[in-house]
Each structure stands twice: as structure tokens, then as C-alpha cells.
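Residue-level structural notes
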Amino acid sequence: MNTKNLIMEVKDFDFTYAGVDDPSLKQINLPIEKNKITAMIGPSGCGKSTLLRAMNRIHDLYPGNKYGGEINLYRENGEKENILNLKKENDLIRLRQDVGMIFQKPTPFPMSIYDNVAYGMKLAGVKNKSELEGRVEKALKDAAIWKETKDRLNSSALGLSGGQQQRLCIARAVALKPDVMLFDEPTSALDPISTGAIEELLAELKKDVSVVIVTHNMQQASRLSDYTAFMYLGDLIEYDTTDTIFMNPNVKLTEDYITGRFG
Amino acid sequence: MGGKLFKNFSFFSATLSFFILIGIFSILFTYAQDSIREFGFDFLGSEIWEADEDDEEIGIFGGYIPVIGTMLSTLIAMVIATPLAMGIAIFLTEIAHKTLVKPVSIAIELLAAIPSIIYGMWGLFYFAPIVQSTFGGQGVGLLTAGIVLAIMIIPFMAAITRDAMNTVPDVLKESAYAMGATKFEVIKDVIMPYSKGGIIGSIILALGRALGETMAVAFLIGSVMAIPSSITDPTTSIPVLLANNFSEAQGLEMSSMYYLALILFVVSFAIISVAKFYFLGKKVK
Amino acid sequence: MNRLLLNKIILVLSTLSAIIGIGFLFWILITLSYKGISALHLSTFTNDLVEGGIRNLLVGQFTMALMASAIAVPIGMFAGIWLREYSNNSKLASVIRNLSDIMMSAPSIVIGVFVFALFVAPFGSYNGFAGIIALTIMMIPIIISTTDNMLSLVPKELREAGIALGGSKHKIIMQIVVKAAKVGITTGVLLSFARIIGETAPLLFTSANNQFFTMDLTGQFPSLTVSIYNLATYPDEASRELAWAASFVLTAIVLLINLTGRYMTRNKK
């Protein structure tokens, strides 16, 4: 495969949770194309979230987990960096600024809307007030929530509706100008209208960032993504363009899952 | 009808705590009447505590010294205890490896279970000499009382703060880490704001406890009716004065003791109410 | 980088706080054991205070704490049952709940003063009953809160299933709901017993103290804690030794009861 268009590449990756003998992920190989949406689907417990959470090393918050293999991040200058080799806290912080993450439930911080979006930039050392204001506005616009929030930037983020909170979280991540954004079932706690808004947003976002999304909703994966990976019991069963996976899968197991015969 | 009797007795039991509180207030207020009528609010500003030489039943009594002593020893305790308790809570919720959390929690809770008289006795024989050799003074005094008081309230404060911090959802912390925050930044910007009600509540409850603590302070504050001019000087506090002199007092002095007890009761009632209604909601145990 | 350094500093300071906390626990327990065990003799347990032992004090302290529990546990449990099962979470219930919580934090010396005014002054002498009443007042709100909390953990379905089988409300409460919360409530009772058996301030001028063995609750009643306070301030070495021995025994009892209570609920959080 041509690595030129890749932003990330998972290679022979194993993952074992702390205190468990058997690996939860076995020999995973998965390319993440630049400026595309890659969806990961599979029944509960298949390891899709586990894999996603390895891509920004958020697993490291809980000690004792073991990684094997490589997860390479391709930099703009073509250099590749195996993120599993990062050891220093500083490097992990940088990784997380480059690889954003959105969670299943909206996670607004207990502070104002403005401070929520500015938070990551402040951490990254942006001090200039007008730069901050500009980037907050841009991020809120990019996340399609500027209209609803521009008059109440200083009120608490906890007052927003669930769908708005989730878009705020996206704005918060976008503001850091990440290369990759990881979405962990971002609409599973939302109503259909908010879900629609988030899906539109994702389609817009891929112009600027590469997106990896974990979803249990197969329609969402087929509507939204360019590539799909099907996982089952810790193995990556099949990866291909979304069209192929949904129309013409190569593996029987994939077909069974897509057609709803199990899972 | 067993059911009716059962229900009525339950209701009677439930209302009992209400009547006891009313009872405490009315009894203290009634017995303090003589002193309140004689000295009024000036009682709080007067530092003289002397029975008349000829008539033990009368004299001049002012609560300034025990009131100040109570406030200062509590203040010292709070200044020392608050940062340490926060540190312990942070250690337990965010730093400690999970195999350590349980034993450290148990140790902290056992520290809270040790009777206060033991703290007093240990403080008098083991801690006071250290304070004396480090800071001067006579060993017993404000500083010693304040430090030992701090050791007593730390576990209590740490336990409530820890419970409050534990209510922060993991995913909220993860999303801050996912933006590149350090542990301290997550604590400062997410955990603390999220659980601030519980944290402030725990500080106020600990304050209430320190104000009313008797035995540990009785061993250590020096029990002298004098205004301290330095932090190591001995003085007294309301609970200590009551513990040592209440039963021998008579007449107006006795009434003044009730007055002091009333002040302590009302102040701690107010403090605990504020902590409960404004900061802790209904979930406090 | 500055923020990483700050992070390190705060984490180190927090860890240090925990070490200091645990350090004090061990410091206190070690000095107490060292001083206490070396002062303990068999005769400490067989003699009364007047002969340099603590037999009457232990019996007195336990008698008062047990009798206080005998009054406070049923009252507190019934009150908790009313709050959780009968009050329908009315306004009155929340007032009572709050007042009970406030009472739990009331200064114990003030409770001593209150009981003195009602049960000592009118009779002209300290008496064991007054001590028991003071401890009872301290214990009731703790039992109320425990019962209230533990009953709230019993699933609603259990009550509904009982009613659906045709049980009357009070029978279901006693036979099903309270039984389901039994472990939690027992733990609460043990912890509150551990708390009141170590109390000193409410006994100082209610039951006061007695050097001799007695079971007469109408007169001054022997107390381990009040004796420790007195003995520790006497100048002679023998009294201090006895105070250490008594302190060691008291702490051992309190911590053992406490640990037993925690052990019972070890599987729950």
C-alpha cells in the first residue's frame, strides 16, 4: 500500500490489559488514510474502542497495560514516529495535542464555553488574547456551534444541551489543530437530530483532519466513512473501502455481521 | 394493629432528634439567662474572668479569652490540615496505584477512629516536647494544640474530599488528558471545580469539628486564662474551660459557662448548616 | 518545561501528605504500644482503679456504652425506617434528616453540659444514668444516618415483590427490607459503638468517675476515658504508667471494633 496518503499505520499491534494474561488485541494491521474517515465496527467487546484508545495512548492513564508492535504517526515532512516508543510525559502531551479524542458522552469541563475551547490552547502555551479569541471563534464555527454560543461564551458549558455539548467538545479538540481525531461512539448518547448534526460536521471536518470513528451503528459507518475495519474478538477480520465492506465483503464473518446474523 | 404502632413509634423516634436539639438550645439559653442579662454581648469583648472575693455567686465574667483561644487554635489547625488533607485526597484518587489505595484509606480512617483523648495524651508526652525544642515556649500552648488538632481533623477532611473527588466521571478526566493536560492540570481545572462543593463542605465540617474538640485540646492548650502574646503561649478554649471548670462553678460563673456553651453550640450549628445546605447537598453521610 | 515541573512538584507534595498522615498513625500507635504494653500487667485487669488497675473502669465504660447502644440502636433504627419507608420524602423528613446530621456534629462537651443541667444538677450528684443518656444522644444521629443510608440501597423491587405477595408494610420492612440491609446496619452500629466507647467529654460531668467497682447507676460511675484524663495529669510515675496502659487498651478495643465493622462490609464499596 502506498504510504504517502497515510496519516497513521497500525502494524502487528498487540494490546494486553493490566492483570490479564491474554491479549485483547492480536496482531492488528490497519492503515489510517489521510483526510478520510475510517470507521471501526464490530460487536461489543471486539476491541474497537481498545484500539482507538491506543492511538493517543490514553490507556497509559491506567498503569500496567502492555503494548506490542507499532503504531506509526506520519508527520507532515514524511517522517514517521512510532507512538508506542514515546516515554516522556512531554512527548505524550504533544501526541495528545496532535491526536484529539471525542468520547461517548459529552464531557464539557466545569467552566465557561469560551474557557472550554481555549483550554487546550492555553495548556499548549498560547497566551496571546486576540489569538485565543480568534481561534476559539474559528473552532466554534468549524464545529457548527458558533451561532448557538456566540452570545453566551462566558456562561457555563454545562447549560448546553447534550448535542451542543458534544459539538463543543469537538470544537475544543479542533481548536488544537490536530492531525487525527478519534471518535469513540460520539453519537450513542444523543438524539437523532443531534446525531445528524454531528455526522454532517464529521463530513466537513475531514477536509482538515483525518478521522477514526468507532461506532456500533452500522448505518452510521456506511453513511459516513470512506474505509471500514471490521473487528471481532480482538482480531481485525477485514479492512477495505466502506463500499466493499458493506456491498461485497471478502470474509463470511463480515457478511454475517453486516447482515445482522449476529452481534 | 401492629402496623400502626410500628409506624407511630418510628415517627416518634424520628422526631426525637428534633426535640433534643430544641431541648439543648432551650436549656442552655435558660441557664445562661443570668449571664446574658448581666453582660449582654459585651461578654464577648471582656477578658476578665473573676469571681467576687466575698461572694462566690457573683463576679465579672467575660468570654473573650476562651473565644479567642478557640478561634486561634482552630485557625492554626485549619491552615495546617487543609493542604495536607487535599494532598492525601489527591494521592488516593489520582496518584496511588490501586493496590495502595485500600491500605492507605484504611490507615487514614483508623487515624480518624482513634479517640481524641489518645491524641491529647500522645501530644502531651511526645509532641509537646518537640514543639518546645523547635519553636520555644513551654511545650503546651496554642501551637501544640493547633497542630495536634490538625492531625485529628486531617483524616476526616481527607475522607470527605476523596469521596467528592471520586464522583468525577473517568471520561471527563480522560478528555482533559486527551487534550494534553498534565495530571496537576486535570486536578486543578477539572477535578477541583467539579467537586468543589464537596471539598468546601469538608473543610467547613472539619472546622466545626475543630471548634468543638475538647479532650485533645484540653491536654495541650495549657488551660490558662490569659491572652496569648505569641503562638507558643498557653491559653484556653471554650470546650477546655468547660471541661475543667464547669462542674465546680456556681452562680453567675456557672451561668457564664452555660453562655459559653450556648455560643459554641450556636456557632457550630450555623457552621454545619452552611456546610450542609450550601455545599454538600443531601448526599453527605 | 515549566508545567511539567509544577506537575511533578504537586504530585510529590501529595504523596508526601499521605506519607505524613500514615507516619502520624504509626508514630501514635507505636509509642502507644511501647508505653502501654510495658505498663500492662495481669493485675491491671484484675484490680480496680483504687488498687492501680482498670477492671472497674473497663466494666463501667462498657456498661455505659452498651446501655446507651441498647437505647440508641432501636430508636435510631426506627427513626431511619420512618425516614426511608414512611415519610414519602416529605419536607418534614428532610428537616429531620438535616437536624439529625447537624446533631451528629454537635460538640460533645455541649451535650455533656445539657445532660448535666437536666440529669445531674436536679439530683445533686453525678450518676451513671446521666452518662448513659449523654452517650445515647451522641449515638442516635449516627444510627439514624446509617439506617437511612443502608435502607436506601435496598432495591425498590424487593419491597414491591413483598407487597405483591400480600405482606403488610411493617412486616415487609422488618422481614425483608431491614434484613437485606442487615450487614450495612450492623457495621454502622459497630462503628458508632467504637466511637462512643472512646468518648470522654460527655462523661466528664455526667457520670464523672469512680475509683471503686460499682454497678450502681445512680451514683458516680467508673469510666476508663475520664480516668485516663485524670491519671495523665497526676505527677507521679505510677499514675502515668496506668494512663498509658489504659490508653493502649482503649485504643486496641476501638480499633478492633472498627476493623471488625469494616471487615464485615469488605466486599461492598
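How each quantity is defined
Residues numbered from 1 in each chain as written. Chains lettered and ligands numbered in written order. Predicted model: local features only at pLDDT ≥ 70, side-chain atom pairs only at ≥ 80, totals over all residues. Heavy atoms only, no water. Helix = DSSP H or I, 4+ residues; strand = E, 2+ residues; numbered from the N terminus. Buried < 20%, exposed > 50% of the residue type's maximum accessible area, 1.4 Å probe, protein only. Contact = heavy atoms within 4.5 Å. Areas by Shrake-Rupley, 256 points an atom, 1.4 Å probe, with all protein chains shown as cover. Lys, Arg positive; Asp, Glu negative; His and termini not counted. Charge placed at Lys NZ, Arg CZ, Asp CG, Glu CD. Patch = residues over 30% accessible without salt bridge, like charges linked within 9 Å, V, L, I, M, F, W, Y side chains within 5 Å. Salt bridge = Lys/Arg side-chain N within 4 Å of Asp/Glu carboxyl O. Core = buried A, V, L, I, M, F, W, Y, C linked by side-chain atoms within 4.5 Å. Buried area = accessible area lost by both parts, 1.4 Å probe. Polar contact = N/O pair within 3.5 Å; in protein donor to acceptor, adjacent residues only side chain to side chain. Nonpolar A, V, L, I, M, F, W, Y, C, P; charged D, E, K, R; others polar. Pairing = 2+ DSSP bridges. Axes fitted to C-alpha atoms, helices over the stretch in contact; angles between N-to-C directions. Phe/Tyr/Trp six-rings, centres within 6.5 Å; stacked < 30°, edge-to-face > 60°. Lys NZ or Arg CZ within 6 Å of the ring centre and 35° of its normal.

Further remarks concern the overall build of chain C. Counting secondary structure elements, chain C contains 11 helices and zero strands. With the principal axes as the frame, chain C shows a C-alpha extent of 70 × 70 × 35 Å. Going through the 269 residues of chain C one by one, you find that 57% of them count as buried. By sequence separation, contacts in chain C at least 24 residues apart represent 74% of the contacts at least 6 residues apart. Only carbon and sulfur atoms are counted for the fraction: they give 68% of the accessible area of chain C, which is about 11,400 Å². Considering chain C, the positive charge centre built from 19 side chains and the negative charge centre built from 12 side chains are found 16 Å apart.

Let's shift gears to a negative patch on the surface. Residue and element names in this part refer to chain B. A cluster of acidic residues, Glu50, Asp52, Glu53, Asp54, Asp55, Glu56 and Glu57, forms a negative patch at the surface. Mapped onto the fold, Asp55 is located in the loop between β1 (49-51) and β2 (59-61). Owing to a relative accessible area of 32%, Asp55 belongs among the partly exposed residues under this scheme.

The next subject is the nonpolar core. Membership of the largest hydrophobic core comes to 270 residues, with the highest contact counts inside it found for A:Phe13, A:Leu30, A:Leu51, A:Met55 and A:Ile170. Here this core takes 16 residues from helix α5 (residues 142-166) of chain B, the largest share from any one element.

For the rest of this paragraph, the subject is the interface of chain B and chain C. The interface of chain B with chain C comprises 81 residues on the first partner and 80 residues on the second. Both faces combined, the contact of chain B with chain C buries some 7,200 Å², and carbon together with sulfur accounts for 80% of it. There are three salt bridges connecting chain B and chain C. C:Arg262 is paired through a salt bridge with B:Glu109; the nearest N and O atoms lie 2.6 Å apart. Residue contributions to the side of chain B that touches chain C peak at 20 residues, all from helix α1 (residues 2-39) of chain B.

Applying the stated criterion to the full structure yields 29 salt bridges over all chains. A salt bridge links C:Arg97 to C:Asp148; its shortest N-O distance comes to 2.6 Å. Highlighted residues: C:Arg97 in helix α4 (residues 91-104) and C:Asp148 in helix α6 (residues 128-152), separated in sequence by 51 residues. Side by side, C:Arg97 and C:Asp148 carry an identical accessibility label, which is buried. Through salt bridges with shared partners, one network takes in A:Arg75, A:Glu81, A:Asp91, A:Arg94 and A:Asp98.

Glancing now at the interface of chain A and chain C. Taken together, the contacts link five residues of chain A with four residues of chain C. When the buried area of chain A at its contact with chain C is split by residue, A:Glu89, A:Asn90 and A:Leu123 rank highest and sum to 76% of it. Inspection of the region where chain A meets chain C yields zero salt bridges. There are two residue pairs in polar contact (both at pLDDT 80 or more) connecting chain A and chain C. The element that contributes the greatest number of residues to the side of chain A that touches chain C is helix α2 (residues 89-98) of chain A, accounting for four residues. A per-class count over the side of chain A that touches chain C returns two nonpolar, two polar and one charged.

Residue and element names in this part refer to chain A. A sheet is described by the order of its strands in space; here six strands give the open sequence β6-β7-β8-β3-β9-β10, paired in mixed fashion. Both outer strands of the open sheet, β6 (99-102) and β10 (235-241), are each paired with one neighbouring strand and no more. When the angles between neighbouring strand axes are averaged without regard to direction, this sheet yields 15°. Of the strand pairs in this sheet, strand β3 (residues 37-41) and strand β9 (residues 227-232) are connected by four bridges, and their pairing is parallel.

Attention now moves to the pairing of strand β1 (residues 6-16) of chain A. Residues and elements named next belong to chain A. Taken across its 11 residues, β1 has eight buried, putting it largely inside the fold. Across six bridges, the pairing between β1 and strand β2 (residues 25-33) is antiparallel. Counted as the bridge partner of Leu6 is Glu33 from β2. Sheet topology note: the β1/strand β4 (residues 66-74) ladder contains seven bridges and is antiparallel. Bridge assignment links Asp14 to a residue of β4, and that residue is Gly68.

What follows concerns the packing of aromatic side chains. Applying the stated criterion across every chain yields a total of 34 aromatic pairs over all chains. Here the aromatic rings of B:Phe246 and C:Phe116 are separated by 4.9 Å at their centres, their planes lie at 75°, and the arrangement is edge-to-face. One end of the pair, B:Phe246, is in the loop between α10 (238-245) and α11 (251-280); the other, C:Phe116, is in helix α5 (residues 108-120), on a second chain. Residues B:Phe246 and C:Phe116 agree in their burial class; the two are buried. Every member of this aromatic cluster is reached through a ring pair, and the members are B:Phe6, B:Phe9, B:Phe12, C:Phe78 and C:Tyr86. In this structure, A:Arg172 packs its charged tip against the face of A:Phe109, placed 3.8 Å from the ring centre. When the ring centre of B:Phe156 is taken as reference, the NZ or CZ atom of B:Arg209 above it lies at 3.9 Å.

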